[in-house]
Structure formats: structure tokens, C-alpha cells
Amino acid sequence: MQELHDAPLAPLTTFRLGGPATRLVTATTDDEVIAAVHEADTTGTPLLVIGGGSNLVIGDKGFDGTALRIATTGFHLDGTSLELAAGEVWTDAVARTVEAGLAGIECLAGIPGSAGATPIQNVGAYGQEVSSVITEVVAYDRRAGETVTLPAAACDFSYRHSRFKQHPDRFVVLRVRFALEDAGGMSAPIKYPETARTLGVAAGHRVPAAVARETVLKLRAGKGMVLDPEDHDTWSAGSFFTNPILTDEEYAAFLARAQERLGTEVTPPAFPAGDGRTKTSAAWLIDKAGFTKGYGTGPARISTKHTLALTNRGEATTEDLLALAREVVAGVHEAFGVTLVNEPVTVGVTL
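These remarks concern the structure in this document.

Conventions adopted
- Residues numbered from 1 in each chain as written.
- Predicted model: local features only at pLDDT ≥ 70, side-chain atom pairs only at ≥ 80, totals over all residues.
- Heavy atoms only, no water.
- Phe/Tyr/Trp six-rings, centres within 6.5 Å; stacked < 30°, edge-to-face > 60°.
- Helix = DSSP H or I, 4+ residues; strand = E, 2+ residues; numbered from the N terminus.
- Buried < 20%, exposed > 50% of the residue type's maximum accessible area, 1.4 Å probe, protein only.
- Pairing = 2+ DSSP bridges.
- Axes fitted to C-alpha atoms, helices over the stretch in contact; angles between N-to-C directions.
- Contact = heavy atoms within 4.5 Å.
- Salt bridge = Lys/Arg side-chain N within 4 Å of Asp/Glu carboxyl O.

### As for the packing of aromatic side chains
Then step 1. Taken as a whole, this structure holds 10 aromatic pairs when the rule is applied.
Then step 2. Geometrically, the ring pair formed by Trp-90 and Phe-178 is tilted, given 5.9 Å between the ring centres and 45° between the ring planes. You can see Trp-90 sitting in helix H2 (residues 90-99) and its partner Phe-178 sitting in strand S13 (residues 171-179), a full 88 residues away along the chain. Pair check on accessibility: Trp-90 and Phe-178 agree, each one buried.
Then step 3. Centre to centre, the rings of Phe-254 and Phe-336 are 5.9 Å apart; their planes meet at 80°, and the pair counts as edge-to-face. Taken as a pair, Phe-254 in helix H7 (residues 248-262) and Phe-336 in helix H9 (residues 318-336) lie far apart in primary sequence, 82 residues in all. Both residues of the pair, Phe-254 and Phe-336, count as buried.

### Concerning the sheet that holds S13
Then step 1. Taken together, 5 strands build an open sheet; the order of strands is S6-S7-S13-S11-S12 and the sheet is antiparallel. The open sheet has two edge strands with one neighbour each: strand S6 (75-78) and strand S12 (146-151). For this sheet the average axis-to-axis angle between neighbouring strands, irrespective of direction, equals 15°.
Then step 2. Note: S6 against strand S7 (residues 81-85), 4 bridges, orientation antiparallel. From the neighbouring strand, His-76 faces S7, where its bridge partner is Glu-83.
Then step 3. Along the sheet, helix H1 (residues 30-43) contacts strand S11 (134-141), S12 and S13; its crossing angle with S13, the most-contacted strand, is approximately 150°.

### Regarding the pattern of salt bridges
Close approach of charged atoms allows side chains of opposite charge to pair.
Then step 1. Taken as a whole and judged by the stated rule, the model has 16 salt bridges.
Then step 2. The closest approach of N and O atoms between Arg-177 and Glu-136, which form a salt bridge, is 2.9 Å. Here the residue Arg-177 occupies a position in strand S13, and Glu-136 occupies one in strand S11, the gap between them amounting to 41 residues.
Then step 3. With a shortest N-O distance of 2.9 Å, Arg-206 and Glu-181 are connected by a salt bridge. Placement of Arg-206 in the loop between helix H5 (193-199) and helix H6 (209-222) and of Glu-181 in strand S14 (residues 181-182) is noted, with a sequence separation of 25 residues between them.

### A word on the sheet that holds strand S16 (residues 271-272)
Then step 1. Pairing is antiparallel across the open sheet formed by 3 strands, whose spatial order is S15-S17-S16. Since the sheet does not close on itself, it has two edges, and those belong to strand S15 (245-247) and S16, each with one partner.
Then step 2. Looking at chain direction, S16 and strand S17 (residues 277-279) are connected through 2 bridges and run antiparallel. Paired with Phe-271 across the strands is Lys-279, a residue of S17.
Then step 3. Where H7 meets the sheet, it contacts S15 and S17, and its direction lies at approximately 100° from that of S15.

Don't take any of this as a statement about function, it's just geometry.
Here it is in C-alpha cells:
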């Protein structure tokens with residue numbers, strides 16, 4: 001288990017932002033992960049768990065405690081059952097399942113980060129969510145001091161949310177188990193309209209899984225959502241804000257505000273979200289509030305490719321990023337009465 005002191009954390013995040021940790025431990029086995037967590041808990045040391053760093057906003061002052069980087073490996077495929085170690089690179093794991101001719105996560109290609117983070121955020125994109133294929137999550141329960149196996153039903157999955165996110169200081173994910181589908185090399189039914197249009201098929205149709213994966217990668221790359229060290233549009237956390245989910249009353253008030261501002265012929269994006277609620281588009285809200293692609297003049301700006309991504313243009317600080325995020329939140333609320341919620345986890349700072 002590698003240990004460093006006063007260790008930079010910015011290189012471990014896709015934003016490339018944040019100050020150092022008092023101590024950085026890199027664990028390559030489950031036992032090392034558990035030992036590091038147990039040590040922190042028994043000594044009362046603050047603990048920050050880092051996977052791929054694609055969903056972290058770390059303050060400029062850094063982290064006064066132990067940062068635990070999970071670098072475990074393990075890809076085990078048995079028929080259509082897949083088990084991934086938490087430290088496995090997610091994009092690589094998706095590619096390997098497609099190569100094996102299996103369907104279920106091919107449209108989650110290109111999402112940066114580690115496998116262990118996927119159940120925490122209930123990662124989803126282009127019509128797929130990991131909650132639809134996760135069967136179990138193996139985690140270290142810090143409260144009980146033991147390793148537990150949680151079936152999917154006990155993970156409380158919802159839109160970009162889970163039991164693990166609800167209780168961030170309780171569970172450390174060690175392994176994730178999935179049930180994929182053998183569809184003869186074909187994808188799961190295509191659900192997302194943009195993907196279907198690009199593929200030239202109707203929603204619900206299947207295409208070769210490899211074609212679906214490549215199509216999603218191209219769509220993501222066109223929005224700056226595939227990591228590229230030379231492209232500052234990818235120095236981000238992907239989508240910085242979640243899509244708002246509104247009650248009927250909230251949506252009616254929002255629609256009235258939108259039509260007052262933009263004209264009665266305007267109909268904002270709306271998707272059923274269950275329980276009488278409606279999901280709308282954060283990207284649409286940001287754009288229509290005046291924050292277009294490339295917005296900003298400082299070192300932190302909105303991506304030139306996608307309005308949902310806030311980016312570090314190379315010389316930004318975390319405070320630069322947060323100032324931009326606060327400006328966007330305030331502007332959207334003033335324009336439409338909707339409060340955006342950040343998707344990345346903040347460490348030592350608040351929006």
C-alpha cells in the first residue's frame with residue numbers, strides 16, 4: 001500500500017483542481033482498502049475516498065486527512081454475470097463486455113471514472129442506467145465494521161442517487177456485480193432518441209452492441225464528454241448539474257415563466273419522472289438563461305461543446321469554478337424559478 005504525505009490531489013481528478021491531502025494512500029486490494037478505512041475510523045481521521053476522480057470538486061485548500069485512492073483490479077465474467085472490482089476503469093470494462101458480445105452497459109461507454117462509483121451515482125446516459133443491471137454491491141460498512149453484500153433492491157436507486165450517496169460516510173464500495181444480456185452480439189433496445197436518430201433506427205430496436213458503443217463514444221466526444229488531456233473541454237466532471245425533477249405545480253409555474261420569457265409557442269423539454277413529476281433539461285435551462293456554449297471570460301468557463309459541462313481552461317482554481325457555477329445557478333433561478341443541483345461531490349467547499 002503506497003503512502004504519500006502532502007500529496008497533490010488535483011492530478012487525481014478530471015477537473016485537475018484542488019489542493020493537497022495531508023496523506024494519500026493508494027490501495028490495490030480489498031484488504032488494503034478495508035485496512036485504510038478502519039485505521040481512519042479508529043483514529044478519528046477524516047477520510048476522502050477517491051476512485052477515478054471524475055465526480056469530485058476539491059477545495060483549493062485541499063483535504064486535511066487521509067485520501068484513499070482505490071486502485072483495485074478485477075474483471076470476472078461468468079456467462080452473463082459480471083463482477084468488477086471498485087478500482088476497475090469503467091470505460092475499459094464496458095469495452096470488454098461489448099467484446100464478449102454482451103448487452104446492458106454499451107451505451108454507458110466513455111463515462112470517466114471507476115466501477116465502484118457507478119452504483120453511488122446510479123450512473124446513466126443515453127437511455128441506460130447501471131441500476132437496471134446491477135444485482136449486488138459488495139461494500140465495507142463502516143458503521144458495522146464489516147463487509148456486506150447489498151442486493152440491488154437494498155441500494156435505493158433513483159435518478160443519479162442511491163443509498164451510498166444518501167449515506168456517504170457509511171459505505172465504501174469494494175465490488176459491483178451485474179447481470180448482462182446475451183442477445184447474440186446485439187445491443188439492448190435503444191431507448192434514447194438522439195442515439196436512435198444517429199443510428200437511423202426506431203426507439204426499441206437493437207443494433208450490434210459494438211455499433212451502439214462506438215456511436216455513443218462519438219456523441220460524447222462531440223460534447224467534450226470523453227477524456228482528452230489536450231482538450232480543455234474535457235477538463236470537467238461531465239454534466240455539472242442534474243436534470244431538475246419538478247412536481248406538477250412546480251412544472252406549471254416553470255412553464256409559465258418560460259413562456260413569459262421566451263414566448264407562448266415555446267415548450268421546454270419534459271419527460272415523465274413518475275409520481276406525478278416531470279423531469280426537464282438542465283442544459284436547456286442554462287442555455288435559455290443566457291449561458292451559452294463557451295460562456296465566461298476567466299479560467300473557468302462553460303464548455304464550447306456542451307452547456308452542462310463547466311470546465312477548467314488550464315489555469316483555473318476551484319474558487320474560479322465555483323464562482324461560475326454560482327453564477328449559472330443564480331441566473332437560471334432568476335430566469336425560470338428552478339434551482340439547479342450540482343452532480344459532482346464537493347470536498348471542503350459548497351456551492
